[in-house]
Structure formats: structure tokens, C-alpha cells
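Structure at a glance
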Amino acid sequence: MFENAGRHRNSPPQELGLGFMPVPGTKAGAIVSAGLVIIAWIAIPGAHIFILGTVGVGALVGLTLSWYHSRE
């Protein structure tokens, strides 16, 4: 779809990852991400507001996109 876009046409595809650990868009990736959120929740008390905010915004964006794509 975007073969001609950008100036890095010959660069290798980038993988999503957390540090050196790739996080695929599968159930296993969801489990890893949930585990990292739980660890951050326990280990970093100041992150509670940030985590709740990102979960809330992510839920709103996800529901909006789901609604938008379901009506097409």
C-alpha cells in the first residue's frame, strides 16, 4: 500500500519491541504486556495515575475505532 512512501524504501522492516524483547500482536504479546503493566503497578507507585490514564484513553480509542469500523 505504501511501497513508494518515504525515503527508506530499502530499509529492513522494523519490529515492535520492548527493549530487545519483541512483543507480537498475539495473545502471547497481550499476556506479556499485561504482565509488564502489573509489574509496573506494583513496583512504581507513582505510575498508577499514568497507567489508569493510558488504559482509559486506550479503551476510548479502541471502542471508537471498533464502532467506526463496524458501521462500514
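All of the points below concern the structure found in this document. A quick note: this is a predicted structure, and the numbers were derived from the prediction, not measured. (Residues numbered from 1 in each chain as written. Predicted model: local features only at pLDDT ≥ 70, side-chain atom pairs only at ≥ 80, totals over all residues. Heavy atoms only, no water.)

1. As for the overall build of the protein chain
The helix and strand tally for the protein chain stands at 2 helices and 2 strands. What you see in the protein chain, going N to C, is helices and strands ordered as β-β-α-α. Residues classed as buried in the protein chain amount to 7% of the 72 residues present. Looking at the protein chain as shown, the accessible area adds up to about 6700 Å², and 70% of this sits on carbon and sulfur atoms. (Helix = DSSP H or I, 4+ residues; strand = E, 2+ residues; numbered from the N terminus. Buried < 20%, exposed > 50% of the residue type's maximum accessible area, 1.4 Å probe, protein only. Areas by Shrake-Rupley, 256 points an atom, 1.4 Å probe, with all protein chains shown as cover.)

2. Some thoughts on the packing of helix α1 (residues 27–43) against helix α2 (residues 48–70)
Contact geometry of α1 with α2 gives a least axis separation of 9 Å together with a crossing angle of 150°. Comparing the axis directions of α1 and α2 gives the class roughly antiparallel. For the pair formed by α1 and α2, the contact residues are Val37, Ala40 and Trp41 on the first element and His48, Ile51 and Leu52 on the second. For the contact of α1 with α2, a count of residues per class yields 5 nonpolar, 1 polar and no charged. (Axes fitted to C-alpha atoms, helices over the stretch in contact; angles between N-to-C directions. Parallel < 35°, antiparallel > 145°, perpendicular 65-115°, else oblique. Contact = heavy atoms within 4.5 Å. Nonpolar A, V, L, I, M, F, W, Y, C, P; charged D, E, K, R; others polar.)

3. Points about the packing of aromatic side chains
Within this structure, the stated rule accounts for 0 aromatic pairs. Just above the ring of tryptophan 67 sits the side chain of arginine 71; from NZ or CZ to the centre is 5.0 Å. (Phe/Tyr/Trp six-rings, centres within 6.5 Å; stacked < 30°, edge-to-face > 60°. Lys NZ or Arg CZ within 6 Å of the ring centre and 35° of its normal.)

4. A closer look at a nonpolar patch on the surface
A cluster of nonpolar side chains, Ile38, Trp41, Ile42 and Leu52, forms an exposed patch at the surface whose accessible area comes to about 440 Å². Per-element tally for the nonpolar patch: the top contributor is α1, with 3 residues. Inspection of the secondary structure puts leucine 52 in helix α2. (Patch = residues over 30% accessible without salt bridge, like charges linked within 9 Å, V, L, I, M, F, W, Y side chains within 5 Å. Salt bridge = Lys/Arg side-chain N within 4 Å of Asp/Glu carboxyl O.)

This is a description of form; function is not addressed.
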